[in-house]
Amino acid sequence: MPKIHGAVTIEKERCKGCDLCVVACPCDVLSLQPKEVNDRGYHFAYPANEEACIGCAACAMVCPDACIEVYRVVVK
Amino acid sequence: MTREEIIRPENKVYSRPRLIDDNYMHYCPGCSHGVAHKLVAEVIEEMGLEDKAIGIAPVGCSVFAYNYIDCDWIEAAHGRAPALATAASRLNPDKVVFTYQGDGDLAAIGSAETIHACTRGENIVIIMINNGIYGMTGGQMSPCTILGAKTATSPYGRRADLNGFPLKVSNMVALLDGTCYVTRQAVHTVQAVRKAKNALKKAFKNAIEKKGTSFIEIVGTCSSGWKLTPEKSNKWMEENMFANYPLGDIKDTSAGLEEKTVEVKK
């Protein structure tokens, strides 16, 4: 069975910490920084549970600030 | 597999649309405008309309739309975007003209312009973001505010006997003969985003083929105006807004108009 590896990069200065990507992720990969903030004072999102990512791009599609890039590799 | 092995240009499946500028958007966290902007940029890019698309920016939260999407824009007076779009599309028949408006702009002060542009059947795309509130000026009641919704000017909820009923603009313009495609979409889930993108594509195609006015209503959220978190806003929208504004196509005669269009071209 092919295995899917995914990864996301989040442009931290663009992120406003709206939490929509965290809710949209089916694999509970993303989460908001609990303490750290970006230059504009938002608790930005980061991939907390990176191994679980399948690169489905659900987070990126609902992101209103277009700060998420998604990569996917299918290993057969 | 390591993160470095996965993050390579050839493995990229989604990134910021090329036509979205580097400027940070001024919208509040979780605003539906961001996703709608992204969809418009993606559709323009995918259809190769960068040099052909002319956007008409409204007055309201999306007044700075021209700072975020990299195509030609004209800034209209409050509510007059469809009138300006009429002029732009008649003077430049080879261009694709679209307006991007909120519900306060389109349904309140711009209702006459909207109705008459639709009834004339101008070959334009009208995109309306309906969040049932005047978000920019501090959350006042708009014509599309649903009954019972609390806003700055209806603190105990909108009442039918005092404030009247919410205006269903899409259902209204669907009655007009000039419109060829009227649909209501949302952008709160992945599924809804994909559907909204297809609807936008169809609308731009109709404008290119000169089939009449396409009207896309996107039911959106206003977390700041509704005083909820973005996640709760989406839930509130699903429970309350969708009961008043059910999603789906309201009118689609674009397929049947093909013969007529050919005749006009001759």
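Conventions and cut-offs
- Residues numbered from 1 in each chain as written.
- Chains lettered and ligands numbered in written order.
- Predicted model: local features only at pLDDT ≥ 70, side-chain atom pairs only at ≥ 80, totals over all residues.
- Helix = DSSP H or I, 4+ residues; strand = E, 2+ residues; numbered from the N terminus.
- Rg over C-alpha atoms; globule rule 2.2 N^0.38 Å.
- Buried ≥ 20, exposed ≤ 12 C-beta atoms within 10 Å, placed from the backbone.
- Contact = placed C-beta atoms within 7 Å.
- Pairing = 2+ DSSP bridges.
- Axes fitted to C-alpha atoms, helices over the stretch in contact; angles between N-to-C directions.
- pLDDT = per-residue confidence, 0-100.
- Core = buried A, V, L, I, M, F, W, Y, C linked by C-beta atoms within 7 Å.
- Nonpolar A, V, L, I, M, F, W, Y, C, P; charged D, E, K, R; others polar.
- Arc of directions from axis to C-beta.

## Focus: the overall build of chain A
When you go through chain A residue by residue, the secondary structure sums to two helices and four strands. In sequence order, chain A lays out its α and β elements as β-α-β-β-α-β. Here chain A has a C-alpha radius of gyration of 12 Å; the compact-globule value for 76 residues is 11 Å, and the two agree. In terms of overall dimensions, chain A has a C-alpha envelope of 45 × 20 × 20 Å along the principal axes. By the burial criterion, 47% of the 76 residues in chain A qualify as buried.

## Comments concerning the overall build of chain B
Looking only at helices and strands, one finds 11 helices and eight strands in chain B. Within chain B, residue pairs in contact and separated by at least 24 positions form 68% of the contacts whose partners lie at least 6 positions apart.

## Let's talk about the sheet that holds strand E1 (residues 3–10) of chain A
The antiparallel open sheet is built from three strands, whose spatial order is E1(A)-E4(A)-E1(B). Of all the strands in the sheet, just E1 of chain A together with strand E1 (12–14) of chain B have a single pairing partner and so form its edges. Geometrically, the sheet is characterised by an average inter-axis angle of 35° between neighbouring strands, direction not taken into account. Strand direction decides the pairing type here: strand E4 (residues 68–75) of chain A and E1(B), joined by two bridges, are antiparallel. Note that in E1(B) the partner of Tyr71(A) across the bridge is Lys12(B).

## Considering the sheet that holds strand E5 (residues 124–130) of chain B
All names here are of chain B. Taken together, seven strands build an open sheet; the order of strands is E3-E2-E4-E5-E7-E6-E8 and the sheet is mixed. Each having just a single partner strand, strand E3 (72–75) and strand E8 (248–252) make up the two edges of the open sheet. Strand-to-strand, the axes of this sheet are offset by a mean angle of 15°, without reference to chain direction. Judged from the four bridges that link them, strand E2 (residues 53–57) and strand E4 (residues 96–102) form a sheet pairing that is parallel. Bridged to Gly55 within E4 is Phe98. Each of E2, E3, E4 and E5 touches helix H3 (residues 81–91); the most contacted strand, E4, lies at about 175° to it. This element, helix H5 (residues 111–120), spans E5, strand E6 (179–186) and strand E7 (213–219) of the sheet and lies at about 135° to E7.

## Let's talk about the confidence of the model for chain B
Residues and elements named next belong to chain B. Residues at a pLDDT of 70 or more form 96% of chain B, whose mean pLDDT is 92. Contacts of residues 258–266 to residues separated by more than four positions or lying in other chains number three contacts, the stretch itself having pLDDT below 50. Reported confidence for the predicted complex is 0.93 by ipTM and 0.92 by pTM.

## Topic: the nonpolar core
Within the largest apolar cluster, 93 residues are counted, with the highest numbers of intra-cluster contacts made by Cys21(A), Cys59(A), Val62(A), Val40(B) and Ile218(B). Here the element with the most residues in this core is helix H8 (residues 190–208) of chain B; it accounts for eight residues. The contacts of Ile218(B), once residues within four sequence positions are left out, are Ser32(B), Ala36(B), Ile127(B), Met128(B), Ile129(B), Asn130(B), Gln185(B), Ala186(B), Val187(B) and Ala196(B).

## A word on the interface of chain A and chain B
Much of the literature gives interface size as the accessible area that the parts lose upon coming together. Counting residues at the interface gives 28 residues for chain A and 28 residues for chain B. Contributions of two or more residues to the side of chain A that touches chain B are made by E1, helix H1 (20–24), helix H2 (58–62) and E4 of chain A. Looking at the side of chain A that touches chain B element by element, the count peaks at five residues for E4(A). Here the side of chain A that touches chain B is built from residues that sort into 16 nonpolar, five polar and seven charged.

## Focus: H5(B)
Residues and elements named next belong to chain B. Turning to H5, its buried residues number three or more, namely Glu113, Thr114, Ala117 and Cys118. On an axial view of H5, the arc spanned by its buried residues comes to 125°, and they lie on one face. Residues of H5 that are buried make contact with H3, helix H4 (103–109), E5, helix H7 (169–174), E6 and E7. Backbone geometry just after H5 places Gly121 at a positive phi near 70°.

## Structural notes on unusual backbone geometry
Residue and element names in this part refer to chain B. Here the phi dihedral of Lys210 falls at roughly 55°; this positive angle occurs in a residue that is not glycine. In this fold, Lys210 is placed in the loop between H8 and E7. Look at Lys210 and you get partly exposed, because 16 C-beta atoms sit within 10 Å. With phi around 60°, Lys227 is a residue other than glycine that occupies positive phi space. Structurally, the position occupied by Lys227 is in the loop between helix H9 (223–226) and helix H10 (230–244).

## Section: the environment of Lys205(B)
Residues and elements named next belong to chain B. Positionally, Lys205 belongs in helix H8. Classification of Lys205 by C-beta neighbours within 10 Å gives partly exposed; the count is 17. Note: C-alpha distance between Lys205 and Val125 (80 residues apart in sequence) is 9.5 Å.

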